[in-house]
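# Architecture and fold: a report
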Amino acid sequence: MGMTMTQKILARSAGLDRVEAGQLVEGKLDLVLGNDITTPVAITEFQKAGLSSVFDRDKIAIVLDHSTPCKDIKSAQLCAACREFAKEHAITHFYDVGQMGIEHALVPEKGLAAPGEVIIGADSHTCTYGALGAFSTGVGSTDMAAGMATGLAWFKVPSAIKVTLTGKLGQYVSGKDVILHLIGMTGVDGALYQSLEFVGEGVASLEMDDRFAICNMAIEAGAKNGIFPVDDKTIAYLKGRVNREWQAFQADPDAEYTQEVTIDLSALRPTVAFPHLPSNTKSVDEAAGKPIQQVVIGSCTNGRLKDLREAAAILKGRKVAVGVRCIVIPATQQIYLDAMEEGLVADFIHAGAVVSTPTCGPCLGGHMGVLSDDEWAISTTNRNFVGRMGPTSSMIILASPAVAAASAVTGVVTDPATL
Amino acid sequence: MKIYKYGDNVDTDVIIPARYLNNPDEKSLASHCMEDIDADFASTVESGDIVVGGNNFGCGSSREHAPLAIKACGVKCVIAKSFARIFYRNAINIGFPILECPEAVDGINPGDAVGVDFQSGVIVNETTGVKFQAAPFPEFVNRIIDNGGLLRSLKARGVAK
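Residues numbered from 1 in each chain as written. Chains lettered and ligands numbered in written order. Predicted model: local features only at pLDDT ≥ 70, side-chain atom pairs only at ≥ 80, totals over all residues. Heavy atoms only, no water.

Residues and elements named next belong to chain A. Looking at the assigned domains, one finds that chain A contains domain 1 (5–264) and domain 2 (273–418). One C-alpha centre belongs to domain 1, the other to domain 2; they are set 24 Å apart. Counting residues at the interface gives 37 residues for domain 1, matched by 38 residues for domain 2. The junction of domain 1 with domain 2 conceals about 2,900 Å² of combined surface from both sides, 64% of it contributed by carbon and sulfur atoms. A per-residue breakdown of the area domain 1 buries against domain 2 is headed by I102, Y172 and K176, which together make up 23% of the total. Viewed at the interface, domain 2 and domain 1 are joined by 2 salt bridges. Its salt-bridge partner being R383, residue E220 comes within 2.5 Å of it at the nearest N-O pair. (Domains from an automatic or database assignment. Contact = heavy atoms within 4.5 Å. Buried area = accessible area lost by both parts, 1.4 Å probe. Salt bridge = Lys/Arg side-chain N within 4 Å of Asp/Glu carboxyl O.)

Now the structure itself:
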């Protein structure tokens, strides 16, 4: 029996010729990542265990993105602990305010993830880098501490769901719609412990920012990781970012899958997820007309340049509806600069949206856009759980940047094509 | 001891809402545990109580604060039909017992007295007299638990210094 992309990467990392689904292996890590919420807990564990040194200061990334610029004293103290640790261990890839971006946009942008690499991050959306053909997965703080100390992590080799993409996305349909549609099909635990392996002729038409959004939300199907094959677009993205050697892996023709799913990209409609699960999906046609009070365009899912371009194309020359607050958050400083140079930021501001420095902020109800009682938001973020963005009575609809922007203009969930 | 029983997809945002993550102190986490799904939990939970959940318990964020909060409340263990993978990992890594057993979840109700043997994975509903067998941990995982968590296990092996 052959191996999947993920299984091949894990085999290489564990120094084995082959691995099978269910096997427990210990893999060598190419990057260990943490943020300002999870790293302090990892530091405490690191110190409690009496550990003194990190395995490789060049293979650890600490990004202060969740509560920054710091929203309160406690958050500031957590960031200070990260800063101190990074200094003590001379961590090369430490990103503080001014250099930071939302970690899962920043890590690929800085060339810290490459095909075939094994990456763990103390953040569930670490699965994003599968877009580059890497194996990357979210873990907790103790795993991060162990990874920083040893460069190793234990993994149960996942079985896989094969997702074959055919056709080509239509206008106003993006990677976000693909992944919401898939989660609607599988359910929030449909891919539990498994990898989602995206293949098929439809892959070539997807931009890297679409692939990042798709892999980013693999966790919302319960998956361990999502992964794409490496193609010309991947290589073009890596150029100028990654100078070290990397290795692309393809699944064997006889690789085993527990399930095979086909998605015709051409037939896909803009898709949204209603409260309180990402799997509670509807097409925009079914959802249209639902009033909203806040729009968030940003996050590790949809704060990249293509996302901002799609939102700006809709908001340019239009106005955010009266009674609606529209918050736009470029995911990194580079994306922010690019958006300024392209005139997107001006388009947002002229439309009556606010543009923020990079932060995870509102996605997890932290700051920069917390909801009040009974309010509804449409958001390009990744989770619409109870109380995620505000009180338990507040509601979140997950959507693409295009649908979110169109809804900002009308004040109700709107298909961009109808504007 | 008491049973707290919840449904499917108990997510990490309801186990410990993100607004409290700015203070990872265990007592603070415990005082807000389950706040958004069960406002009375933190004030009524006592040492030795058991949390029972449906499928995909602990889904969502990677925050280790979630199993830490439940553990800090004195909860003896979580029994669920299935666990989200990061929660599962985190619980093992911090040495907090979790048991996967769909039959036990269906066969235990609030008000029942329940006994658990972690070595054998046997769960007994002492009220109904019915016994359940939870899925055993793989040997690899048992070694982590026996060493008192992942970091100690790595130190014992000499790979972490």
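The discussion continues.
Right, let's get into helix α14 (residues 401–410) of chain A. Among the 10 residues in α14 of chain A, 9 count as buried, and that is most of the element. Considered for burial, the residues of α14 of chain A that qualify are P401, A402, V403, A404, A405, A406, S407, A408 and V409 of chain A. (Buried < 20%, exposed > 50% of the residue type's maximum accessible area, 1.4 Å probe, protein only. Helix = DSSP H or I, 4+ residues; strand = E, 2+ residues; numbered from the N terminus.)

The subject of this paragraph is the pairing of strand β3 (residues 60–63) of chain A. All names here are of chain A. Taking every second residue as pointing to the same face, both faces of β3 are buried, with I60 and I62 on one and A61 and V63 on the other. Pairing of β3 with strand β4 (residues 93–95) involves 3 bridges; the strand directions are parallel. What sits directly across from A61, in β4, is H93. In the classification by handedness, the crossover that spans β3, the intervening helix α3 (residues 73–88) and the parallel β4 is right-handed. (Pairing = 2+ DSSP bridges. Right-handed = clockwise from strand over helix to strand, strands pointing away.)

Formed by 127 residues in total, the largest nonpolar core has its most connected members in F41, F57 and I70 of chain B. In terms of residues, this core owes the most to one element, α14 of chain A, which gives 7 residues. Each of two domains, domain 1 (5–264) and domain 2 (273–418) of chain A, supplies a minimum of three residues to this core. Contacts of I70 of chain B, omitting those with residues within four sequence positions, involve I15, C33, M34, F57, V75, V78, F87 and F96 of chain B. (Core = buried A, V, L, I, M, F, W, Y, C linked by side-chain atoms within 4.5 Å.)

Bringing the side chain of D36 of chain B into the picture now. Following the sequence through the fold, D36 of chain B ends up in the loop between α2 (26–31) and α3 (41–44). A polar contact is formed between the side chain of D36 of chain B and the side chain of R19 of chain B, at a distance of 2.8 Å. Once residues within four sequence positions are removed from consideration, D36 of chain B is found in contact with V386, G387 and T392 of chain A together with D13, V14, P17 and R19 of chain B. (Polar contact = N/O pair within 3.5 Å; in protein donor to acceptor, adjacent residues only side chain to side chain.)

Turning to the packing of aromatic side chains, a few remarks are in order. One pass over the full model with this rule turns up 10 aromatic pairs over all chains. Seen in terms of ring centroids, F46 of chain A and F85 of chain A are 5.4 Å apart; in terms of plane orientation they differ by 90 degrees. Their pairing is edge-to-face. Here F85 of chain A lies in helix α3 and F46 of chain A lies in helix α2 (residues 39–48), a separation of 39 residues in the sequence. Taking the relative accessible area as the measure of exposure, F85 of chain A reaches 2% and is therefore buried. Relative to F228 of chain A, the ring of F198 of chain A lies with its centre 4.9 Å away and its plane at 10 degrees, an arrangement referred to as stacked. With F198 of chain A in strand β9 (residues 195–199) and F228 of chain A in the loop between β10 (225–227) and α8 (232–238), this residue pair connects regions lying 30 residues apart in the sequence. For the pair formed by F198 of chain A and F228 of chain A, the shared burial category is buried. In this structure an aromatic cluster arises from ring pairing among F57, F83 and F87 of chain B. Across the ring face of Y193 of chain A, the terminal group of K156 of chain A is positioned such that the distance to the ring centre comes to 5.2 Å. (Phe/Tyr/Trp six-rings, centres within 6.5 Å; stacked < 30°, edge-to-face > 60°. Lys NZ or Arg CZ within 6 Å of the ring centre and 35° of its normal.)

Omega for the peptide link from T68 of chain A to P69 of chain A comes to -20 degrees, which places this bond in the cis form. Its place among the elements puts P69 of chain A in the loop between β3 and α3. A cis geometry characterises the amide bond from P275 of chain A onward to H276 of chain A, with omega recorded as -5 degrees. Relative to the helices and strands, H276 of chain A is located in the loop between β12 (271–273) and β13 (281–283). The phi dihedral of Y193 of chain A falls on the positive side, at around 65 degrees, and the residue is not glycine. Despite not being glycine, M34 of chain B has its phi angle at roughly 65 degrees, a positive value. Note on placement: M34 of chain B falls in the loop between α2 and α3.

Once that is clear, we can look at the interface of chain B and chain A. At the interface, 45 residues of chain B touch 51 residues of chain A. Of the roughly 3,800 Å² buried between chain B and chain A on both sides combined, carbon and sulfur atoms contribute 60%. For the chain B face of the interface with chain A, the top three residues by lost area are R85, R89 and L151 of chain B, together amounting to 20%. Our count for the contact surface shared by chain B and chain A stands at 3 salt bridges. The salt bridge involving E26 of chain A is made with R157 of chain B; its shortest N-O contact spans 2.8 Å. The interface formed by chain B and chain A holds 20 residue pairs in polar contact (both at pLDDT 80 or more) in total.

This part takes up the sheet that holds strand β3 (residues 77–80) of chain B. All names here are of chain B. A sheet is described by the order of its strands in space; here 4 strands give the open sequence β1-β2-β3-β4, paired in parallel fashion. Edge positions in the sheet fall to β1 (3–5) and β4 (98–100), since each has one partner strand and no second. Across this sheet, the average inter-strand angle for adjacent strands is 20 degrees, counted without regard to direction. Bridge analysis of β3 against β4 gives 3 bridges, and the strand direction is parallel. (Axes fitted to C-alpha atoms, helices over the stretch in contact; angles between N-to-C directions.)

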